[in-house]
Amino acid sequence: MLIGELLARHARENPGADAIVFKDTRVSYGEYHRASDRVAAGLLDAGVGRGDRVGIYCSSRPEFLFIYMAAAKIGAVAVPVSWRFTPPEIRFVVNDAGIKILFTMPGFSGIDFLANLAAVRDELPSLQTVVVLDGAAAEGGLIPWEEFIGEPDPFPEDAGRAVTADDTVILLYTSGTTGVPKAAMLSHANLLSYAQGMLRSSGARQGDSVLLNVPLNHVGGAVMAVMSCLSLGNKLVLMDAFVPDETLAVIERERVAVIGQVPAQYALELMSPSIDRYDLSSVRIAIVSGQSCPSDLIARIRERMHVLPRNAYGLTEVSGAITFTLPEHGEEKLRTSVGLPMDEVELAIMDPGGNILPRGQRGEIAVKGAPVMKGYWNRPDEDARAFDARGFFHTGDM
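Starting afresh in each chain, residues are numbered from 1 along the sequence in its written order. Residue-level local features of this predicted model are given only where pLDDT is at least 70; pairs of side-chain atoms are given and counted only at 80 or more, and the full residue set underlies all totals for whole chains, interfaces and linings. As a rule here, side-chain values come from all non-hydrogen atoms in the structure, and water together with hydrogens is ignored.

Draft legend 1. Expanded view of the environment of Met239. Within the secondary structure, Met239 sits in the loop between strand E13 (235-238) and helix H9 (244-254). Residues Met239 and Phe22 lie 217 residues apart in sequence; the distance between their C-alpha atoms is 6.3 Å. When checking whether two residues touch, look at their non-hydrogen atoms; a contact exists if any pair is within 4.5 Å. Ignoring anything within four residues of it in the chain, the contact list for Met239 reads Phe22, Ser60, Leu211, Leu212, Asn213, Glu246, Thr247 and Val250. Each helix corresponds to a stretch of at least 4 residues labelled H or I by DSSP, and each strand to a stretch of at least 2 residues labelled E; elements are numbered beginning at the N terminus.

As C-alpha coordinates, then:
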(Lines give C-alpha, C1' and ligand atoms only; values in the text may rest on other atoms or scores of the structure.)
Protein backbone atom coordinates (compact mmCIF):
# COMPACT_ATOMS: atom_id res chain seq x y z
CA MET A 1 0.00 0.00 0.00
CA LEU A 2 1.24 3.48 -0.94
CA ILE A 3 -0.04 6.82 0.33
CA GLY A 4 -1.74 7.71 -2.95
CA GLU A 5 -3.45 4.32 -3.02
CA LEU A 6 -4.74 4.86 0.50
CA LEU A 7 -6.33 8.16 -0.50
CA ALA A 8 -7.81 6.56 -3.62
CA ARG A 9 -9.33 3.77 -1.52
CA HIS A 10 -11.15 6.20 0.78
CA ALA A 11 -12.32 8.23 -2.22
CA ARG A 12 -13.73 5.05 -3.75
CA GLU A 13 -15.30 3.60 -0.59
CA ASN A 14 -16.59 6.78 1.08
CA PRO A 15 -16.32 9.67 -1.40
CA GLY A 16 -18.70 12.03 0.41
CA ALA A 17 -17.06 11.81 3.83
CA ASP A 18 -15.32 14.93 5.12
CA ALA A 19 -11.56 14.70 4.65
CA ILE A 20 -10.49 18.29 5.37
CA VAL A 21 -12.26 21.15 7.10
CA PHE A 22 -10.62 24.56 6.86
CA LYS A 23 -12.57 27.61 8.01
CA ASP A 24 -15.71 27.61 5.83
CA THR A 25 -14.32 25.09 3.35
CA ARG A 26 -15.15 21.38 3.49
CA VAL A 27 -13.33 18.92 1.25
CA SER A 28 -14.64 15.38 0.87
CA TYR A 29 -12.43 12.37 0.24
CA GLY A 30 -13.65 12.26 -3.34
CA GLU A 31 -12.71 15.91 -3.83
CA TYR A 32 -9.37 15.41 -2.04
CA HIS A 33 -8.47 12.59 -4.41
CA ARG A 34 -9.58 14.44 -7.54
CA ALA A 35 -7.83 17.68 -6.53
CA SER A 36 -4.55 15.86 -5.90
CA ASP A 37 -4.93 14.07 -9.25
CA ARG A 38 -5.24 17.45 -10.98
CA VAL A 39 -2.13 18.72 -9.26
CA ALA A 40 -0.30 15.48 -10.07
CA ALA A 41 -1.19 15.87 -13.74
CA GLY A 42 0.06 19.46 -13.62
CA LEU A 43 3.33 18.30 -12.05
CA LEU A 44 3.82 15.75 -14.82
CA ASP A 45 3.11 18.42 -17.45
CA ALA A 46 5.74 20.61 -15.77
CA GLY A 47 8.34 17.86 -16.13
CA VAL A 48 8.30 16.74 -12.51
CA GLY A 49 8.93 13.05 -12.05
CA ARG A 50 9.87 10.37 -9.59
CA GLY A 51 12.41 11.64 -7.06
CA ASP A 52 12.08 15.33 -7.99
CA ARG A 53 11.58 17.70 -5.08
CA VAL A 54 8.40 19.76 -4.85
CA GLY A 55 8.57 22.74 -2.49
CA ILE A 56 5.52 23.95 -0.55
CA TYR A 57 6.03 27.45 0.85
CA CYS A 58 2.64 28.42 2.23
CA SER A 59 0.56 28.38 5.39
CA SER A 60 -1.60 25.41 6.36
CA ARG A 61 -4.48 25.17 3.91
CA PRO A 62 -6.13 22.45 1.76
CA GLU A 63 -3.92 23.17 -1.26
CA PHE A 64 -0.87 22.24 0.81
CA LEU A 65 -2.35 18.75 1.22
CA PHE A 66 -3.37 18.49 -2.45
CA ILE A 67 0.25 19.18 -3.44
CA TYR A 68 1.62 16.77 -0.82
CA MET A 69 -0.63 13.95 -2.01
CA ALA A 70 0.02 14.76 -5.67
CA ALA A 71 3.76 14.44 -5.16
CA ALA A 72 3.23 11.11 -3.39
CA LYS A 73 1.15 9.78 -6.27
CA ILE A 74 3.87 10.33 -8.89
CA GLY A 75 6.83 9.43 -6.70
CA ALA A 76 8.02 13.01 -6.24
CA VAL A 77 9.15 14.32 -2.86
CA ALA A 78 7.28 17.03 -0.97
CA VAL A 79 9.49 19.59 0.77
CA PRO A 80 7.61 21.90 3.16
CA VAL A 81 9.28 25.30 3.54
CA SER A 82 8.31 27.09 6.75
CA TRP A 83 6.28 30.23 6.12
CA ARG A 84 8.31 31.86 8.91
CA PHE A 85 11.59 31.47 7.03
CA THR A 86 13.69 34.49 6.09
CA PRO A 87 15.11 34.81 2.55
CA PRO A 88 18.47 33.23 3.53
CA GLU A 89 16.64 30.28 5.10
CA ILE A 90 14.49 29.87 1.99
CA ARG A 91 17.62 29.92 -0.15
CA PHE A 92 19.24 27.26 1.99
CA VAL A 93 16.32 24.83 1.87
CA VAL A 94 15.57 25.29 -1.84
CA ASN A 95 19.21 24.76 -2.77
CA ASP A 96 19.91 22.02 -0.26
CA ALA A 97 16.89 20.00 -1.38
CA GLY A 98 17.32 20.91 -5.04
CA ILE A 99 13.69 21.95 -5.31
CA LYS A 100 12.50 21.91 -8.94
CA ILE A 101 9.04 23.45 -8.55
CA LEU A 102 7.81 25.63 -5.70
CA PHE A 103 4.22 26.35 -4.69
CA THR A 104 3.72 29.54 -2.68
CA MET A 105 1.20 32.29 -1.91
CA PRO A 106 1.40 36.11 -1.79
CA GLY A 107 1.81 36.20 1.98
CA PHE A 108 0.50 35.35 5.39
CA SER A 109 0.45 36.90 8.86
CA GLY A 110 2.11 40.10 7.65
CA ILE A 111 4.93 38.31 5.81
CA ASP A 112 5.37 38.96 2.08
CA PHE A 113 6.26 35.55 0.66
CA LEU A 114 6.77 36.81 -2.88
CA ALA A 115 9.17 39.52 -1.72
CA ASN A 116 11.10 36.96 0.31
CA LEU A 117 11.36 34.69 -2.68
CA ALA A 118 12.28 37.50 -5.06
CA ALA A 119 15.14 38.51 -2.75
CA VAL A 120 16.93 35.22 -3.46
CA ARG A 121 15.39 34.08 -6.75
CA ASP A 122 18.62 34.57 -8.73
CA GLU A 123 20.45 32.31 -6.28
CA LEU A 124 18.23 29.25 -6.76
CA PRO A 125 19.69 27.31 -9.71
CA SER A 126 17.52 24.19 -9.32
CA LEU A 127 14.21 26.07 -9.20
CA GLN A 128 12.51 25.98 -12.60
CA THR A 129 8.87 26.79 -11.82
CA VAL A 130 7.03 28.84 -9.22
CA VAL A 131 3.26 28.46 -8.83
CA VAL A 132 1.38 31.06 -6.80
CA LEU A 133 -1.90 30.43 -5.00
CA ASP A 134 -4.61 33.08 -4.68
CA GLY A 135 -4.61 34.44 -8.20
CA ALA A 136 -1.31 36.29 -8.37
CA ALA A 137 -0.39 37.86 -11.69
CA ALA A 138 1.96 35.84 -13.86
CA GLU A 139 4.74 38.39 -13.62
CA GLY A 140 8.37 37.42 -13.40
CA GLY A 141 7.66 33.89 -14.58
CA LEU A 142 5.19 33.12 -11.78
CA ILE A 143 2.33 30.79 -12.72
CA PRO A 144 -1.09 31.31 -11.09
CA TRP A 145 -2.52 28.26 -9.35
CA GLU A 146 -5.70 28.24 -11.42
CA GLU A 147 -3.65 28.19 -14.61
CA PHE A 148 -1.47 25.38 -13.30
CA ILE A 149 -4.41 23.10 -12.47
CA GLY A 150 -6.71 24.54 -15.13
CA GLU A 151 -6.55 22.03 -17.94
CA PRO A 152 -3.73 19.61 -17.42
CA ASP A 153 -3.75 16.32 -19.29
CA PRO A 154 -5.74 13.61 -17.50
CA PHE A 155 -3.75 11.95 -14.75
CA PRO A 156 -2.37 8.72 -16.28
CA GLU A 157 -3.46 5.63 -14.38
CA ASP A 158 0.03 4.15 -14.63
CA ALA A 159 1.84 7.34 -13.53
CA GLY A 160 2.59 5.92 -10.11
CA ARG A 161 3.38 2.39 -11.20
CA ALA A 162 7.12 2.78 -10.60
CA VAL A 163 6.64 4.21 -7.08
CA THR A 164 7.75 1.88 -4.28
CA ALA A 165 7.12 1.84 -0.55
CA ASP A 166 10.79 2.70 0.04
CA ASP A 167 10.59 5.89 -2.06
CA THR A 168 11.00 9.10 -0.08
CA VAL A 169 7.68 10.93 0.09
CA ILE A 170 8.65 13.95 2.18
CA LEU A 171 11.75 15.81 3.37
CA LEU A 172 11.24 17.44 6.76
CA TYR A 173 13.94 19.86 7.87
CA THR A 174 15.11 19.74 11.45
CA SER A 175 18.05 21.15 13.33
CA GLY A 176 18.36 17.90 15.24
CA THR A 177 21.13 17.77 17.81
CA THR A 178 23.73 19.79 15.90
CA GLY A 179 21.84 23.00 15.14
CA VAL A 180 22.64 22.64 11.42
CA PRO A 181 19.44 22.25 9.34
CA LYS A 182 19.14 18.88 7.68
CA ALA A 183 16.25 17.00 6.15
CA ALA A 184 14.91 13.68 7.40
CA MET A 185 13.96 11.45 4.46
CA LEU A 186 10.65 9.77 5.25
CA SER A 187 9.29 7.12 2.91
CA HIS A 188 5.81 5.77 2.19
CA ALA A 189 6.68 2.76 4.36
CA ASN A 190 7.91 4.99 7.19
CA LEU A 191 4.70 7.02 7.25
CA LEU A 192 2.28 4.12 6.86
CA SER A 193 3.92 2.01 9.55
CA TYR A 194 4.11 5.03 11.83
CA ALA A 195 0.42 5.78 11.38
CA GLN A 196 -0.57 2.24 12.33
CA GLY A 197 1.57 2.36 15.46
CA MET A 198 0.30 5.77 16.47
CA LEU A 199 -3.33 4.76 16.06
CA ARG A 200 -2.88 1.73 18.32
CA SER A 201 -0.78 3.56 20.91
CA SER A 202 -2.83 6.76 21.09
CA GLY A 203 -6.26 5.14 21.08
CA ALA A 204 -7.54 7.03 18.02
CA ARG A 205 -10.32 5.26 16.15
CA GLN A 206 -12.39 5.46 13.00
CA GLY A 207 -14.81 8.39 12.99
CA ASP A 208 -12.61 10.68 15.09
CA SER A 209 -12.21 14.31 14.06
CA VAL A 210 -8.59 15.41 14.48
CA LEU A 211 -7.58 19.02 15.12
CA LEU A 212 -4.38 20.36 13.57
CA ASN A 213 -3.31 23.83 14.68
CA VAL A 214 0.45 23.40 14.28
CA PRO A 215 2.15 24.11 10.91
CA LEU A 216 2.13 21.46 8.22
CA ASN A 217 5.90 21.78 7.84
CA HIS A 218 6.17 20.19 11.29
CA VAL A 219 6.18 16.40 11.76
CA GLY A 220 3.18 16.76 14.08
CA GLY A 221 1.20 18.09 11.13
CA ALA A 222 2.64 16.48 8.00
CA VAL A 223 2.85 13.01 9.51
CA MET A 224 1.04 12.57 12.82
CA ALA A 225 -2.19 14.40 12.01
CA VAL A 226 -2.33 13.91 8.24
CA MET A 227 -1.44 10.23 8.25
CA SER A 228 -3.61 9.28 11.22
CA CYS A 229 -6.62 10.74 9.41
CA LEU A 230 -5.66 9.26 6.05
CA SER A 231 -5.21 5.80 7.56
CA LEU A 232 -8.78 5.66 8.91
CA GLY A 233 -10.59 7.97 6.53
CA ASN A 234 -11.12 10.48 9.33
CA LYS A 235 -11.69 14.22 9.22
CA LEU A 236 -8.74 16.60 9.57
CA VAL A 237 -9.78 19.95 11.02
CA LEU A 238 -7.13 22.35 9.78
CA MET A 239 -6.21 25.75 11.23
CA ASP A 240 -3.63 28.10 9.76
CA ALA A 241 -2.75 29.72 13.09
CA PHE A 242 -3.12 29.04 16.78
CA VAL A 243 -5.63 31.38 18.43
CA PRO A 244 -6.95 30.04 21.77
CA ASP A 245 -10.61 31.06 21.45
CA GLU A 246 -10.77 30.09 17.80
CA THR A 247 -9.39 26.69 18.70
CA LEU A 248 -12.06 26.22 21.38
CA ALA A 249 -14.78 27.27 18.95
CA VAL A 250 -13.51 24.83 16.32
CA ILE A 251 -13.43 21.98 18.83
CA GLU A 252 -17.09 22.65 19.65
CA ARG A 253 -18.25 23.17 16.07
CA GLU A 254 -16.50 20.15 14.53
CA ARG A 255 -16.88 17.86 17.56
CA VAL A 256 -13.12 17.32 17.66
CA ALA A 257 -12.12 14.07 19.38
CA VAL A 258 -8.32 14.18 19.08
CA ILE A 259 -6.03 17.14 19.74
CA GLY A 260 -2.26 17.26 19.99
CA GLN A 261 -0.59 20.37 21.39
CA VAL A 262 2.34 21.56 23.49
CA PRO A 263 1.62 22.50 27.12
CA ALA A 264 1.63 26.25 26.39
CA GLN A 265 -1.24 25.88 23.90
CA TYR A 266 -3.39 24.01 26.39
CA ALA A 267 -2.55 26.56 29.08
CA LEU A 268 -3.58 29.51 26.90
CA GLU A 269 -6.85 27.84 25.94
CA LEU A 270 -7.70 26.99 29.52
CA MET A 271 -6.95 30.55 30.65
CA SER A 272 -9.44 32.00 28.19
CA PRO A 273 -12.14 34.03 29.99
CA SER A 274 -14.61 32.52 27.53
CA ILE A 275 -13.81 28.85 28.06
CA ASP A 276 -17.06 28.09 29.87
CA ARG A 277 -19.01 29.08 26.77
CA TYR A 278 -17.62 26.16 24.78
CA ASP A 279 -18.76 22.56 24.75
CA LEU A 280 -15.55 20.50 24.82
CA SER A 281 -17.23 17.21 25.64
CA SER A 282 -16.25 15.68 22.29
CA VAL A 283 -12.55 15.62 23.23
CA ARG A 284 -11.49 12.04 23.97
CA ILE A 285 -7.72 12.19 23.42
CA ALA A 286 -5.56 15.17 24.43
CA ILE A 287 -1.92 14.51 23.49
CA VAL A 288 0.79 16.62 25.07
CA SER A 289 4.16 16.78 23.32
CA GLY A 290 7.29 18.88 23.46
CA GLN A 291 7.60 18.37 27.22
CA SER A 292 5.82 16.49 29.98
CA CYS A 293 2.52 17.91 31.14
CA PRO A 294 2.94 19.89 34.41
CA SER A 295 0.83 18.74 37.37
CA ASP A 296 -1.30 21.88 37.51
CA LEU A 297 -2.05 21.63 33.79
CA ILE A 298 -3.04 17.98 34.13
CA ALA A 299 -5.62 19.02 36.72
CA ARG A 300 -6.95 21.87 34.58
CA ILE A 301 -7.28 19.69 31.48
CA ARG A 302 -9.18 17.10 33.51
CA GLU A 303 -11.45 19.76 34.94
CA ARG A 304 -12.24 21.55 31.69
CA MET A 305 -11.90 18.86 29.02
CA HIS A 306 -12.83 15.91 31.23
CA VAL A 307 -9.98 13.72 29.95
CA LEU A 308 -6.62 12.70 31.32
CA PRO A 309 -4.00 14.06 28.92
CA ARG A 310 -1.48 11.73 27.32
CA ASN A 311 2.22 12.56 27.28
CA ALA A 312 4.09 11.73 24.10
CA TYR A 313 7.73 11.67 23.05
CA GLY A 314 9.19 11.66 19.57
CA LEU A 315 11.09 13.58 16.94
CA THR A 316 11.09 14.21 13.22
CA GLU A 317 13.61 11.47 12.43
CA VAL A 318 11.29 8.76 13.77
CA SER A 319 8.17 10.15 12.01
CA GLY A 320 6.68 11.76 15.12
CA ALA A 321 5.72 10.75 18.63
CA ILE A 322 6.61 7.11 19.32
CA THR A 323 5.71 6.83 23.02
CA PHE A 324 2.40 7.58 24.69
CA THR A 325 1.00 7.38 28.18
CA LEU A 326 -2.44 5.81 28.50
CA PRO A 327 -5.33 6.73 30.83
CA GLU A 328 -4.87 3.48 32.75
CA HIS A 329 -1.32 4.56 33.66
CA GLY A 330 -2.91 7.08 36.01
CA GLU A 331 -2.17 10.68 36.89
CA GLU A 332 0.86 9.93 39.04
CA LYS A 333 2.68 8.19 36.17
CA LEU A 334 1.72 11.04 33.85
CA ARG A 335 3.74 13.45 35.98
CA THR A 336 6.98 11.54 35.44
CA SER A 337 6.68 9.48 32.27
CA VAL A 338 6.25 9.91 28.51
CA GLY A 339 4.73 6.46 28.28
CA LEU A 340 5.49 3.23 26.44
CA PRO A 341 6.87 2.84 22.92
CA MET A 342 4.62 1.77 20.08
CA ASP A 343 4.98 -1.81 18.84
CA GLU A 344 6.58 -0.67 15.59
CA VAL A 345 9.78 0.51 17.29
CA GLU A 346 12.44 -0.91 19.55
CA LEU A 347 13.62 1.67 22.07
CA ALA A 348 16.81 1.35 24.10
CA ILE A 349 18.72 3.46 26.62
CA MET A 350 22.44 3.47 25.86
CA ASP A 351 25.65 4.62 27.49
CA PRO A 352 28.22 6.74 25.56
CA GLY A 353 29.80 3.56 24.23
CA GLY A 354 26.56 2.34 22.69
CA ASN A 355 25.92 -0.35 25.27
CA ILE A 356 22.28 -0.95 26.19
CA LEU A 357 21.72 -0.05 29.83
CA PRO A 358 19.48 -1.93 32.27
CA ARG A 359 16.08 -0.59 33.24
CA GLY A 360 16.24 2.48 35.48
CA GLN A 361 19.61 3.74 34.25
CA ARG A 362 20.11 7.15 32.65
CA GLY A 363 21.42 7.31 29.10
CA GLU A 364 20.73 8.30 25.50
CA ILE A 365 17.49 7.24 23.82
CA ALA A 366 18.08 5.11 20.71
CA VAL A 367 15.37 3.85 18.37
CA LYS A 368 15.06 1.36 15.54
CA GLY A 369 12.07 0.15 13.56
CA ALA A 370 9.93 0.76 10.51
CA PRO A 371 8.99 4.40 11.32
CA VAL A 372 12.63 5.49 11.60
CA MET A 373 13.75 7.67 8.69
CA LYS A 374 15.81 6.33 5.78
CA GLY A 375 18.49 8.85 6.68
CA TYR A 376 19.35 12.50 6.23
CA TRP A 377 19.14 14.01 2.75
CA ASN A 378 22.66 14.24 1.28
CA ARG A 379 24.26 13.90 4.73
CA PRO A 380 26.16 10.59 4.76
CA ASP A 381 28.45 11.82 7.53
CA GLU A 382 25.43 12.67 9.69
CA ASP A 383 23.94 9.23 8.98
CA ALA A 384 27.18 7.58 10.06
CA ARG A 385 27.07 9.46 13.34
CA ALA A 386 23.36 8.96 13.98
CA PHE A 387 22.99 5.25 13.13
CA ASP A 388 24.99 2.47 14.72
CA ALA A 389 25.87 -0.90 13.21
CA ARG A 390 22.75 -2.49 14.76
CA GLY A 391 20.46 -0.03 12.98
CA PHE A 392 19.64 2.06 16.05
CA PHE A 393 19.12 5.78 15.50
CA HIS A 394 20.76 7.75 18.31
CA THR A 395 18.47 10.64 19.16
CA GLY A 396 20.80 12.70 21.34
CA ASP A 397 18.00 12.88 23.92
CA MET A 398 18.58 11.65 27.46
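Draft legend 2. Inspection of helix H8 (residues 219-232) at higher detail. By this rule, a helix spans an expected 1.5 Å times one less than how many residues it contains. Look at H8: 19 Å from first C-alpha to last across 14 residues, which is about the 20 Å you get at 1.5 Å a residue. Bend, at a single residue, is the angle you get between axes fitted to the 7 residues ending at that residue and the 7 residues starting at it. Of all the bends in H8, the largest measures some 30° and sits at Val226. Each residue's exposure class comes from its accessible area (1.4 Å probe, protein chains only) as a fraction of the maximum for that residue type: buried when under 20%, exposed when over 50%, partly exposed otherwise. Burial of H8 is extensive: 14 of the 14 residues sit out of reach of the surface. In the stretch just after H8, Gly233 is the one whose phi turns positive, near 75°.

Draft legend 3. Layout of the side chain of His394. With respect to the helices and strands, the residue His394 is situated in strand E22 (residues 393-394). Judged by relative accessible area, which is 16%, His394 ranks as buried. Residues adjacent in sequence count toward polar contacts only when both atoms are side-chain atoms; beyond that, a polar contact is any pair of N or O atoms within 3.5 Å, and within protein one must be able to donate a hydrogen and the other to accept it. Polar side-chain contacts of His394 include one of 2.9 Å to the side chain of Asp388.

Draft legend 4. Looking closely at the sheet that holds E22. Strand pairing is assigned whenever DSSP identifies at least 2 bridges connecting the two strands. Strand order in the open sheet formed by three strands is E19-E20-E22, and the pairing between neighbours is antiparallel. Strand pairing shows two members of the sheet lacking a second neighbour, strand E19 (345-350) and E22, which therefore form its edges. Direction of pairing for E19 relative to strand E20 (residues 364-369): antiparallel, over a ladder of six bridges. Looking at the pairing, Ile349 lines up with Ile365 of E20.

Draft legend 5. The arrangement of the sheet that holds strand E12 (residues 209-212) in detail. Taken together, nine strands build an open sheet; the order of strands is E2-E1-E13-E12-E14-E15-E16-E17-E18 and the sheet is mixed. Both outer strands of the open sheet, strand E2 (25-28) and strand E18 (340-341), are each paired with one neighbouring strand and no more. The sheet contact formed by E12 and E13 spans four bridges and is parallel. Counted as the bridge partner of Ser209 is Lys235 from E13. Axis definition: a line fitted to C-alpha atoms, over the contacting stretch in the case of helices. Angles run 0 to 180 degrees between N-to-C directions. Each of strand E1 (18-22) and E2 is contacted by helix H2 (residues 29-45), which is oriented at about 85° to E2, the strand it contacts most. Lying on the sheet, helix H7 (residues 188-202) is in contact with strand E15 (285-288), strand E16 (310-315) and strand E17 (320-324); it crosses E17 at an angle near 35°.

Draft legend 6. Broad picture of unusual backbone geometry. For Lys23, which is not glycine, the phi dihedral falls at a positive 55°. Mapping Lys23 onto the fold places it in the loop between E1 and E2. Positive phi, close to 60°, is recorded for His306, a residue that is not glycine. Take His306: it is sitting in the loop between helix H11 (295-305) and E16. Using a relative accessible area of 61% as the deciding quantity, one classes His306 as exposed.

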